[in-house]
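What follows is each chain in one-letter form.
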Amino acid sequence: MLLQLTFLAAIALATAHHGFTTPSRAIAVLSTETIRGNITFTQVQDGKVHVQGGITGLPPGEYGFHVHEKGDLSGGCLSTGSHFNPEHKDHGHPNDVNRHVGDLGNVVFDENHYSRIDLVDDQISLSGPHGIIGRAVVLHEKADDYGKSDHPDSRKTGNAGGRVACGVIGIL
Ligand SMILES: *[C@@H]1O[C@H](CO)[C@@H](O)[C@H](O)[C@H]1NC(C)=O
Ligand SMILES: [Cu+2]
Ligand SMILES: [Zn+2]
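Per an unreviewed UniProt entry, the protein is named Superoxide dismutase [Cu-Zn], and its organism is Bombyx mori. Recorded in UniProt under Function (unreviewed entry), the annotation for the protein is "Destroys radicals which are normally produced within the cells and which are toxic to biological systems." According to the UniProt record, the Sequence similarities (unreviewed entry) comment for the protein is "Belongs to the Cu-Zn superoxide dismutase family."

What follows is the structure, given as structure tokens:
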């Protein structure tokens with residue numbers, strides 16, 4: 001009996017510990033006067049993360065969308081730091097091997113000023129060295145050129161311009 005209780009307690013502790021250190025879902029909420037959005041992140045079995053959601057409030061077009069290093073919004077989106085780049089690589093396209101971990105590319109707004117987001121990324125994670133929880137998603141004023149243009153900022157930021165909205169990535 002005592003042995004069984006001890007065993008059950010050990011399982012409960014292990015489960016609680018596991019649940020705390022490796023959440024399988026996260027959410028970021030964007031909210032400005034004009035832009036609103038919810039983006040969820042789900043760790044899927046093969047080590048990839050499914051990014052899903054919707055954002056409203058921008059004219060049709062492509063806009064840079066990244067995970068930045070810090071979840072610090074004390075100075076607005078400007079205090080979220082640079083693109084999350086734990087491996088000190090150049091800025092790139094989401095399908096590039098040589099890219100910042102935070103390089104999620106562009107989101108596309110339609111004629112209804114809505115952007116549906118549904119992508120799978122194999123570099124971001126919800127835990128470990130590529131973990132994005134506690135960092136921020138940032139939406140930019142221009143398209144990300146994926147590091148492929150001649151502009152001096154291209155290989156650093158994709159030349160996506162200012163930051164129009166951002167949200168901290170939290171456990172869901
Ligand atoms: C975000 O989620 C809330 C709560 O479910 C919902 O009311 C709101 O419409 C969502 N916003 C967008 C832009 O999808
Ligand atoms: Cu950015
Ligand atoms: Zn980048």
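Having seen the structure, we can now continue with the description.
A look at the layout of surface pockets
Within this model, the largest pocket holds a volume of roughly 180 Å³. Residue lining of the largest pocket: His68, Ser82, His83, His100, His140, Asp153, Lys156, Thr157, Asn159, Ala160, Gly161 and Arg163, and that is the complete set. In terms of residue class, the lining of the largest pocket is built from one nonpolar, eight polar and three charged. The space that makes up the second largest pocket amounts to roughly 150 Å³. His93, Pro94, Asn95, Asp96, Val97, Leu104, Leu119, Val120, Asp121, Asp122 and Gln123 together form the lining of the second largest pocket. Looking at the lining of the second largest pocket, its residues break down into five nonpolar, three polar and three charged.

Looking at the sheet that holds strand 4 (residues 61-68)
Spatially, the four strands line up as an open sheet ordered 6-4-8-9, and their pairing is antiparallel. With one partner strand each, in any of the chains shown, strand 6 (103-109) and strand 9 (163-168) form the two edges of the open sheet. Going from strand to strand, the sheet's axes swing by 25 degrees on average, the running direction of each strand aside.

So, how was this worked out
Residues numbered from 1 in each chain as written. Chains lettered and ligands numbered in written order. Predicted model: local features only at pLDDT ≥ 70, side-chain atom pairs only at ≥ 80, totals over all residues. Heavy atoms only, no water. UniProt positions renumbered as here; feature names shortened; annotations may be inferred. 1 Å grid on protein atoms, 1.4 Å probe; cavity = no way out; pocket = protein on both sides within 12 Å on 5 of 7 lines; lining within 4 Å. Points joined across faces, edges and corners; volume = space filled by probe spheres on them. Nonpolar A, V, L, I, M, F, W, Y, C, P; charged D, E, K, R; others polar. Pairing = 2+ DSSP bridges. Helix = DSSP H or I, 4+ residues; strand = E, 2+ residues; numbered from the N terminus. Axes fitted to C-alpha atoms, helices over the stretch in contact; angles between N-to-C directions.

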